[in-house]
Amino acid sequence: MGAPVNVIEGSQIWVEDPEVSWIDGQVIKINGNEVEVQISEEKTVVANLSRIHPKDEETPADGLEDMTKLSYLHEPGVLHNLATRYQLNKIYTYSGGILIAINPFQRLPDLYDAHMMATYKGARLGELSPHVFAIADVAYRAMINEGKSNSILVSGESGAGKTETTKMLMQYFAYLGGHKHAEGRTVEQQVLESNPVLEAFGNAKTVRNNNSSRFGKFVELQFDKYGRISGAAIRTYLLERSRVCQISDPERNYHCFYLLCAAPQEEIKKYKLGHPQTFHYLNQSTCYELDGVNDSHDFLATRKAMDVVGISHKEQDAIFRVVASILHLGNVTFAKGEEIDSSVLEDDKSKFHLQTAAELLMCNPEALEGALLKRVMVTPEEVIKRCLDPYGAVVSRDGLAKTLYSRLFDWLVNKINISIGQDSNSKHLIGILDIYGFESFKSNSFEQFCINFTNEKLQQHFNQHVFKMEQEEYMKDEINWSYIDYVDNQDVLDLIEKKTGGVISLLDEACMFPKSTHETFAEKLYQTFKSHKRFIKPKLTRSDFVIAHYAGEVQYQSDQFLDKNKDYVVPEHQDLLTASECPFVAALFPPFPDETTKTSNKSSKFSSIGSRFKLQLNQLMETLNSTEPHYIRCVKPNNLFQPGIFENANVVHQLRCGGVFEAIKISCSGYPSHKTFDEFLYRFGLLAPEVLSETVACEKILEKLGLAGAQIGKTKIFLRAGQMADLNARRAQKLGDAAKIIQRRSKTYVARKHFVSALKASTTMQSICRGMLASNFYTIMRKDAASLKIQTNWRWHVFTKNYNLLRNSTIALQSGIRAILAREKFIHRRNSKTATVIQAHWRGHRVLSFCKRLVKATIVIQCRWRGLVARRELHKLKMASRETGALQEANSKLKKQVEDLKSQLQLERRLRADLERKLHQSSDGMGTRGIEENTLPEDEVAEIRTDETFSVSEATRVPVEHTEKIEAQTLDVENTEKIEALTLEVEKLKDLLQSEKQRADDLERRYADALETVKGKQQKLEETERRVHQLQESLNSAPPG
């Protein structure tokens, strides 16, 4: 994959990029071993020929379903194909017989329904789109047809979807070979129902996944002779025991601890629990809850799952007692004792938790304390009891906690297997391995070492399987091939598991020596493997070491290797828990087979996690080697757990850790490019167009290009690494030459066509220019003639206009002057006439006013005189009232006076009517000549009004006084009827006088209105005079023209 690539200028290639791993570009310049590549409009890079890869421009838009069909089988080609398919929600892709599954992080229900299962049932691999059902169907058909057991290895890093893939496989196997159990539940249903229990006790939150399996699981599905599932078994590997006591932030401990702390109150009170932050084994991290996860709900779901798999309520209670006791043990702390290298419980809190743990485990608290603080050493002479220092007591406490949890987990797995049931008569099985992928963190400890050791083993098995498939492909087409040498990882496995001198054996050796430390262990590794090419000693540390795995270098911190590798059970712990009053706890710690009742035979039998895990791994590999393997590589596209995001660097790392690129290397060591005759000729037939036969044409092309090592099989052509690039380069060169010829001919044709068009256009242009010049000359002549005519007419127009203007101005001036003189004469006449009329009316008004005052004064004098005479007569009548004759005479006189009054009143009415008529006439005359009214003095107008009011009041007062006189004269008259008649007559006279007053008021109001009208007309006259004056001024100021 690192050989120089045959490229030419203009070729599309892949070049390394630090951000997206690989980016495509176009070669614009080649300079020796370096090429200049344009990756965008603004950016170009320079790369070495050995660091670039050719790009297949004819890859379908939706990618290829099988990546072995890629023209270029290299890292960027594989990555681009996976990214293209993932964006289209095509999460499955083949790489030969290997299925690569990319986690979509979303539900795709149509991809796993019953219709999809029926579609893939019986279909050959590659006939339909890639799918997990296709791998399962191939394994099932191979088991049925060939009678051989099969296995499916599901691997990938945490969060890649291994568990979901395993569930899909189980569902499909249930669809193909479901078998009803006696209780009505199928075996595969029981296996799936056990998942919540195993996840609660075997899964935890890690940096990369909230539900990471911290153990390996191999599910054996056993089939009868009819192909139906008859039994199953679950095998587990390498439970991460150290997580019980040590966790790092922001990870969590196993789920069961948090579920129990979130249990109902009666459960919490029963086990004396509290919030997770109150327990040492849980508060080493600040993460206590998971987003979107309800621990209370999950606790009830776990209890329900326990009921389903056959765990009784009594056993469940015992299980959670053990879990709670582990939490309480973690809170037991120690301090230095009085003796040297001794320890005691630190405080009352520690005593409380110790007491609680003893109660939950149903053992003696003093015995539990002694088991944590003391050790028994057996010598040939005697048995010695020694105390542990605080650090040793903590190690003892943590060892007891890890042993308890490990035994509990093993018991759960065994219980689930008993519940599911195994078929001892089954001869065929399909195993599903769900195991952790390669891990490399900033801090890598013993767990990562064991996990990567497992992946090295599985990678070797995977490489052998891929190499075997390659050989079968070559044999199927009957090509001449020799043994292909490929890079094996056996040297790494020898470095780790070699019986003498391997890392595990050196670790076991260090664990057996009490005074060994991680530094002495690291120093031993440095001395032993100083010349090993896979072992590297870091420069800046004294205890770390680096191993070059197939997926890359991993630096391990050895400071906890010794503690985590120790797996022996302390005899004091064994005796303590074996004697527990709880049958469940006692069953977790059965007596050793060779144990006797004598104390002198007690000893600590050493065993290590590494050795036991190596033994389990070898057994697993034996099982896998006895089956036909199928591989599913699960990939996590991003660390955000979001759909639609494809992080190239992250996927490349996982493909490298999953061994996909190792498989590509193996393929590249043989014949990585396989093309059928049709495909080969369709793409490269232009290199030998003279040959028609397919086989002969293929041979001719290979011979013509000198591609040594290529093989022609029965149906395909097998090309060595780099030969496909050579063919594409030759094809691109020939296409380029053909394109140059076409371009030359087309350019000649275009140039001649352009010349003919230009010649024709120039002739036409010249004709047009001559016509335009003539037209312009004629236009100029026309303009000259027109200009002379325009000038003539313009001069005539100007002179005529000036003459008319002067004439009109003279006429207007004369008219204005005459109008002014006539207007002044008219105004003088009107003013003289108006003054004469006003003077006449004023003299008449003044005489009339004087007459009215004289009449009023005469009436007043008469009334007063009459009143005086009447009073005198009344006095005389009073004096002669006793005489009847005198009274009658007075009565007759009185009647005569009343008649005189009536005649006077009628005379006054006539005078007033005449006065009103004259007033009307004067007001009408003043309306036509109202301007002179304003010239009357205000004092004269007021005098007129005062005289009128005085005359009315005098006229009114005389009748009233006369009436009073008559009434006084008639007081003693016996003829009351006549007096009443006179009284009525007086009242009528009063009413008449009142109406006369109102009419006088109306006359005054009309006189005021007439004055207002005269004022308005005077203003209009002044405005008219002002306008006439303005017009006269405008005429005077106008130019003479």
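Residues numbered from 1 in each chain as written. Predicted model: local features only at pLDDT ≥ 70, side-chain atom pairs only at ≥ 80, totals over all residues. Heavy atoms only, no water.

A. Focus on the overall build of the chain. Broken down by element type, the chain carries 29 helices and 24 strands. Within the chain, contacts between residues separated by at least 24 positions form 69% of all contacts whose residues are at least 6 apart in sequence. Surface summary for the chain: the accessible area is close to 55,800 Å², and the carbon and sulfur share equals 54%. (Helix = DSSP H or I, 4+ residues; strand = E, 2+ residues; numbered from the N terminus. Contact = heavy atoms within 4.5 Å. Areas by Shrake-Rupley, 256 points an atom, 1.4 Å probe, with all protein chains shown as cover.)

B. View of the side chain of Arg 633. Residue position: Arg 633 is located in strand β21 (residues 628-635). Among the polar contacts made by the side chain of Arg 633, one reaches the side chain of Ser 155 at a distance of 2.7 Å. With residues near it in sequence (within four places) discarded, Arg 633 still touches Ile 98, Leu 99, Ile 100, Ala 101, Leu 153, Ser 155, Gln 459, Phe 462, Gly 658 and Val 660. (Polar contact = N/O pair within 3.5 Å; in protein donor to acceptor, adjacent residues only side chain to side chain.)

C. Main features of the sheet that holds β21. Strands sit in the order β6-β7-β21-β8-β17-β11-β12 across an open sheet of 7 strands; the sheet is mixed. On the outer flanks of this sheet lie β6 (92-95) and β12 (229-237), each paired with one strand and no other. When the angles between neighbouring strand axes are averaged without regard to direction, this sheet yields 20°. As defined by bridge partners, strand β8 (residues 150-156) adjoins strand β17 (residues 428-436) across 7 bridges and the pair is classed as parallel. Along β17, the bridge assignment pairs Ser 155 with Ile 435. The sheet strands contacting helix α4 (residues 162-177) are β8, β11 (216-223), β12, β17 and β21, and the helix crosses β17 at an angle near 165°. (Pairing = 2+ DSSP bridges. Axes fitted to C-alpha atoms, helices over the stretch in contact; angles between N-to-C directions.)

D. Focus on the pattern of salt bridges. Taken as a whole and judged by the stated rule, the model has 26 salt bridges. The salt bridge involving Glu 164 is made with Lys 167; its shortest N-O contact spans 3.7 Å. Residue Glu 164 and its partner Lys 167 are both found in helix α4; the two are separated by 3 residues, about one turn of the helix. A single network of salt bridges, built from pairs that share partners, joins Arg 214, Glu 240, Arg 243, Glu 251 and Glu 439. (Salt bridge = Lys/Arg side-chain N within 4 Å of Asp/Glu carboxyl O.)

E. How the structure looks around the nonpolar core. By size, the foremost hydrophobic cluster in this structure holds 130 residues, and its most contacted members are Phe 173, Phe 201, Phe 257, Leu 368 and Ile 632. The dominant element in this core, judged by the number of residues it contributes, is helix α13 (residues 390-420), at 12 residues. (Core = buried A, V, L, I, M, F, W, Y, C linked by side-chain atoms within 4.5 Å. Buried < 20%, exposed > 50% of the residue type's maximum accessible area, 1.4 Å probe, protein only.)

F. Summary view of the pairing of β11. β11 sits mainly inside the fold: 8 of its 8 residues count as buried. Alternating positions in β11 separate into two faces, Gly 216, Phe 218, Glu 220 and Gln 222 on one and Lys 217, Val 219, Leu 221 and Phe 223 on the other, with burial throughout. Hairpin connection, β11 to β12: the antiparallel pair is bridged by 5 residues, and Gly 227 has positive phi, about 85°.

G. Broad picture of the environment of Met 143. Among the secondary structure elements, Met 143 is positioned in helix α3 (residues 132-146). In this structure the C-alpha to C-alpha distance between Met 143 and Ile 430, which are 287 residues apart in sequence, comes to 7.9 Å. For Met 143, the contacting residues outside a window of four places in its chain are Lys 148, Asn 150, Phe 223, His 428, Leu 429 and Ile 430.

H. Broad picture of the environment of Val 323. By the element assignment, Val 323 lies in helix α10 (residues 313-330). Looking at Val 323, the relative accessible area reads 0%, which means it is buried. Taking C-alpha positions, Val 323 is 9.9 Å from Leu 361, a pair spaced 38 residues apart along the chain. Once you skip the residues sitting within four places of it in the chain, Val 323 turns out to touch Phe 201, Cys 256, Phe 257, Leu 260 and Leu 408.

I. Molecular detail of the sheet that holds strand β4 (residues 44-48). Strand order in the open sheet made by the 5 strands is β4-β3-β2-β1-β5, with antiparallel pairing throughout. Edge strands, defined here as strands with exactly one partner in the open sheet, are β4 and β5 (52-54). Pairwise comparison of adjacent strand axes, ignoring direction, gives a mean angle of 45° for this sheet. Sheet analysis places strand β1 (residues 12-17) next to strand β2 (residues 21-31), joined by 6 bridges and oriented antiparallel. Pairing of Trp 14 across the sheet is with Asp 24, part of β2. Helix-sheet contacts for helix α1 (residues 75-87) involve β1, β2 and β5, and the interaxial angle to β2 is about 130°.

J. Local environment of the packing of aromatic side chains. Across all of its chains, the model carries 26 aromatic pairs by this definition. Note on Tyr 526 and Phe 535: the rings are 6.4 Å apart at their centroids and 55° apart in plane angle, and the pair reads as tilted. Neither residue differs from the other here; Tyr 526 and Phe 535 are each classed as buried. Through a chain of ring-to-ring contacts, three or more aromatic side chains come together here, namely Phe 446, Phe 449, Phe 521, Tyr 526, Phe 529, Phe 535, Phe 545, Tyr 556 and Phe 561. Here Lys 55 stacks its cationic end above the ring of Trp 14, 5.2 Å away from the centre of that ring. Between Arg 633 and the ring centre of Phe 462, over which it is positioned, the NZ or CZ distance is 4.4 Å. (Phe/Tyr/Trp six-rings, centres within 6.5 Å; stacked < 30°, edge-to-face > 60°. Lys NZ or Arg CZ within 6 Å of the ring centre and 35° of its normal.)

K. Quick look at the pairing of β4. Sheet topology note: the strand β3 (residues 34-38)/β4 ladder contains 5 bridges and is antiparallel. Across the sheet, the residue bridging to Gln 38 is Thr 44, located in β4. The antiparallel pairing of β3 with β4 creates a hairpin that spans 5 residues between the two strands.

L. View of the side chain of Asn 103. With respect to the helices and strands, the residue Asn 103 is situated in the loop between β7 (98-102) and α2 (114-120). Residue class for Asn 103 comes out buried when judged on its relative accessible area of 15%. Separated by 3.1 Å, the side chain of Asn 103 and the backbone oxygen of Gly 159 make a polar contact. Those residues in contact with Asn 103, other than ones at most four positions away along the chain, are Tyr 86, Gly 159, Ala 160, Gly 161, Val 635 and Pro 637.

M. Expanded view of unusual backbone geometry. Going from Asp 249 to Pro 250, the amide bond is cis rather than trans, its omega being 10°. Mapped onto the secondary structure, Pro 250 falls in the loop between β12 and α7 (255-261). Although it is not a glycine, Phe 105 sits at a positive phi angle of roughly 55°. For Met 362, which is not glycine, the phi dihedral falls at a positive 55°.

N. Representation of the packing of α10 against helix α11 (residues 348-361) within the structure. Between α10 and α11, whose axes approach to 8 Å, the crossing angle comes to 160°. With respect to each other, α10 and α11 are oriented roughly antiparallel. Taken as a pair, α10 and α11 cross one another with a handedness that is left-handed. Contacts between α10 and α11 involve Arg 321, Ala 324, Ser 325, His 328 and Leu 329 on the former and, on the latter, His 353, Thr 356, Ala 357, Glu 359, Leu 360 and Leu 361. Along the lines of polarity and charge, the residues of the contact of α10 with α11 split into 5 nonpolar, 4 polar and 2 charged. (Parallel < 35°, antiparallel > 145°, perpendicular 65-115°, else oblique. Left-handed = near helix turned anticlockwise from the far one by under 90°. Nonpolar A, V, L, I, M, F, W, Y, C, P; charged D, E, K, R; others polar.)

O. Quick peek at the environment of Leu 176. Locating Leu 176 in the fold gives a position in helix α4. Each C-alpha atom, one on Leu 176 and one on Tyr 140, is 8.3 Å from the other, the two residues being 36 residues apart in sequence.

P. The arrangement of α4 in detail. Across its 16 residues, α4 extends 22 Å between first and last C-alpha, which sits within 8% of the 22 Å expected from 1.5 Å per residue. For α4, every residue scored as buried is listed here: Lys 162, Thr 165, Thr 166, Met 168, Leu 169, Met 170, Tyr 172, Phe 173, Leu 176 and Gly 177. (Expected span 1.5 Å × (residues − 1).)

Q. Up close: a nonpolar patch on the surface. Side chains of Phe 755, Val 756 and Leu 759 sit close together on the surface and give an oily, nonpolar patch of about 300 Å² of accessible area. Looking at where Phe 755 falls in the secondary structure, it is placed in helix α26 (residues 723-879). (Patch = residues over 30% accessible without salt bridge, like charges linked within 9 Å, V, L, I, M, F, W, Y side chains within 5 Å.)

R. Examining the packing of helix α6 (residues 195-202) against α13 more closely. In the contact formed by α6 and α13, the axes pass within 11 Å of each other and the chain directions differ by 170°. When the interaxial angle is binned, α6 and α13 end up roughly antiparallel. Taken together, the residues of α13 that come into contact with α6 (itself represented by Val 197, Leu 198, Ala 200, Phe 201 and Gly 202) are Tyr 405, Leu 408, Phe 409, Leu 412, Val 413 and Ile 416. Partitioning the contact of α6 with α13 into residue classes produces 10 nonpolar, 1 polar and no charged.

S. Layout of the confidence of the model for the chain. With 86% of its residues at a pLDDT of at least 70, the chain reaches an overall mean of 82. pLDDT under 50 marks residues 926-974. Its contacts with residues more than four places away, or in other chains, come to 86 contacts. (pLDDT = per-residue confidence, 0-100.)

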